[in-house]
Amino acid sequence: MQFKDIIGHVAVKERLINTVRENRVSHAQLFLGPEGSGSLALALAYAQFINCLDKQESDSCGVCTSCRKYARIIHPDLHFSYPFFAKHKDDTAADYISDWRNCFLNNPYLDLECWRNQLNAENKQANINIAEAHHIIKKLSLKAYEAEYKVLIMWLPEFLDSQGNALLKLIEEPPAKTLFLLVAENPDKLLSTIISRTQLVKVSRPGNDEVAAYLMEVGHVQEQQARQAAFISEGNVQRALNLLNEEHSDHFELLVQWLRYCVTDSGLSLIDFSEDILVKMGRENQKSFILYAISMMRQVLLCKAGAEALMRLSGAEKGFAEKFAGLYTEKQLDNAVEVFEKAHYHIERNANGKILFLDVSLQLVLNFKYATFRREADSTYL
Ligand SMILES: [Zn+2]
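Residue indices follow the written sequence of each chain, beginning from 1 at its first position. Per-residue local features of the predicted model are confined to residues with pLDDT of at least 70, and side-chain atom pairs are confined, for both listing and counting, to 80 or more; whole-chain, interface and lining totals are unaffected and use all residues. Excluding hydrogens and water, the side-chain values take into account all heavy atoms of the structure.

**Regarding the coordination of the zinc ion**
On the protein side, the zinc ion has Cys52 (SG), Cys61 (SG), Cys64 (SG) and Cys67 (SG) as donor atoms, found 2.3 Å from it. Viewed at the metal, the four donor atoms of the zinc ion are separated by angles of 103 to 122°, and the geometry they form is tetrahedral. Only nitrogen, oxygen and sulfur atoms qualify as donors, and only when within 2.8 Å of the metal (3.2 Å in the case of Na, K and Ca); with water excluded, sites may look incomplete. Each donor residue of the zinc ion belongs to the same chain, and together they define the spacing C-x8-C-x2-C-x2-C. Remark: Cys64 occurs in the loop between helix H2 (39-51) and helix H3 (65-71) and Cys52 occurs in the loop between H2 and H3; sequence separation between them is 12 residues. When a residue's accessible area, from a 1.4 Å probe over protein chains only, is under 20% of the maximum for its type it is buried; when over 50% it is exposed; and in between it is partly exposed. Exposure remark for Cys64: the relative accessible area of 12% places this residue in the buried category. Tetrahedral means four donors with every angle between 85 and 135 degrees, whereas square planar (four donors) and octahedral (six donors) require angles over 155 degrees between opposite donors and between 65 and 115 for all others; sites fitting neither are termed irregular. For helices the rule is a DSSP run of H or I covering at least 4 residues; for strands it is a run of E covering at least 2, with both sets numbered from the N terminus onward.

Put into structure tokens, the structure is as follows:
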């Protein structure tokens, strides 16, 4: 993995490269970035750069023996740790390494769901267990085979529970020329003892333009489709890739039609639309459609607040947002976001689609047509 293979993150890449140039590579670093942002790929590109035998101005060379082994994730001094779904209590991450290679090389922006699917783990609990913590300690106590630096990249250390403490001494005082690169998404779920022992590398989500360009390249889709997926996924590349794989009708057209029925309180048409279109979409498609509705309402709110410069829409979508912002109050738009967010929450929990979409439609009618708003108990749709 070279830096050039990762979209965006120009400033982070530069900062990482400078730590090597200025000889101040910290031995324990925490790459903290949201799901699908590319933080895991960045950590790997950084490790590859550090060990490259012919470093270039702003990237590893990609062709030396070290880079070639790194590219296939088979370098003997590169170790990975990640949550897995243990079949036996002695299982370690190494037991799943070939799956891991396939999964990562196929999609460097992977999320836990993607990894779970790779392992056919269904609803099993993911974990980094005590056997894995001990395995890491043992592996890193050995001398490096051929690289200058041994590297351990741990993906999602959130899944280390209290056994993580077994690693603390190692993180604090690692053997010479040993690097710990932890790649996390949620600082609230990390052991505070680990946070305090690592140097933070903050990674944000790539921009929509960068994501769209990536989707056109790897997903082989047209610009319009790529832009729409980038917009809905808000910089989560994994999510954007999922969207491309879904067969979905045009979210924008559907949303406009739905809202049109709601704001005019067209009873029967609204019921038919809910039952024939929204319910029949299927759960994954419903989720992405509702996420699209949330993003769109937020864009309308930006427009309402006079922050057009921050809007990320163009063409018909922009025209719609401007018109809609002119017709309704900020309160109504806020309420709509809340209605959609609740709907998403319930769809994720397998709510009955028929009841849910009828009720959401009714709430939108009340909100937009009659400017009243009803807050729901959480159990409504179950
Ligand atoms: Zn190289």
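**A look at the environment of Leu313**
Along the chain, Leu313 falls in the loop between helix H14 (283-304) and helix H15 (315-327). Residues Leu313 and Gln225, 88 residues apart in the sequence, show an inter-C-alpha distance of 13 Å.

**Here's the deal with the side chain of Asp91**
Looking at the element boundaries, Asp91 is found in the loop between strand E2 (78-81) and helix H4 (97-106). Nearest to the buried, unbridged Asp91 among oppositely charged side chains is Lys87, at 5.9 Å. A polar contact of 2.9 Å, which involves the side chain of Asp91, links it to the backbone nitrogen of Lys87. Polar side-chain contacts of Asp91 include one of 2.7 Å to the side chain of Tyr96. Counted as positive: Lys and Arg. Counted as negative: Asp and Glu. His and the chain ends are not counted at all. Any carboxyl oxygen of Asp or Glu that lies within 4 Å of a side-chain nitrogen of Lys or Arg is treated as forming a salt bridge with it. In the analysis that follows, any N or O atom pair within 3.5 Å is treated as a polar contact, provided that within protein one partner can donate a hydrogen and the other can accept it, and provided that, for residues neighboring in sequence, both atoms belong to side chains.

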